[in-house]
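Breakdown of the fold
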Amino acid sequence: MRLRTSSRFLRRAKKLREPHATMLRAALRRFAADPGDPLLRLHELKGDLREYWSFTVDADLRVLFRWDGDEAFLVNIGSHDEVY
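Per chain, residues are indexed from 1 in the order of the written sequence. Residue-level local features of this predicted model are given only where pLDDT is at least 70; pairs of side-chain atoms are given and counted only at 80 or more, and the full residue set underlies all totals for whole chains, interfaces and linings. Computation of side-chain values: all heavy atoms of the structure, hydrogens and water removed.

**Re the sheet that holds strand S1 (residues 2-5)**
Backbone-to-backbone hydrogen bonds pair the strands of a sheet. The strands run either parallel or antiparallel. To keep it simple, the criterion reads: When DSSP finds two or more bridges between a pair of strands, those strands are recorded as paired. Numbering goes from the N terminus for both helices and strands, where a helix is a DSSP run of H or I of at least four residues and a strand is a run of E of at least two. By definition, residues are in contact when any of their heavy atoms lie within 4.5 Å. To define axes, lines are fitted to C-alpha atoms, for helices over the stretch in contact only, and angles between the resulting N-to-C directions are given on a 0 to 180 degree scale.
In space, the five strands of this open sheet follow the order S1-S5-S4-S3-S2, with mixed pairing throughout. The open sheet has two free edges, formed respectively by S1 and strand S2 (43-44), since each of these has just one partner strand. As paired elements, strand S3 (residues 53-56) and strand S4 (residues 61-68) share four bridges and run antiparallel to each other. For Trp53, the partnering residue across the bridge sits in S4 and is Phe65. Each of S1, S4 and strand S5 (71-79) is contacted by helix H1 (residues 7-14), which is oriented at about 45 degrees to S5, the strand it contacts most. Relative to the sheet, helix H2 (residues 20-33) contacts S1, S3, S4 and S5, its axis offset from that of S4 by approximately 30 degrees.

**Focus: unusual backbone geometry**
The linkage connecting Glu18 with the following residue, Pro19, adopts the cis geometry, with an omega of 5 degrees. Its location among the elements puts Pro19 in the loop between H1 and H2. In this structure, Arg41 takes a positive phi of about 50 degrees despite not being glycine. Mapping Arg41 onto the fold places it in the loop between H2 and S2.

Quick look at the structure:
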């Protein structure tokens, strides 16, 4: 699967410190290989964010994205409260 990123996602991802930076790289590899991997806890969002999906990097770090055909457009990354 192809991943595209927003400038916001890139800015925030570059600010991550270890071990979160390494965990993000691993989660993105896992997501690209198999978006349905249960370790990612992929889920569709509701309400104002109903066009978006999310997956988990660690206990409180989430990636917000939307499907664009067979591509995933990564929109944001942050804690639960920052992303939602």
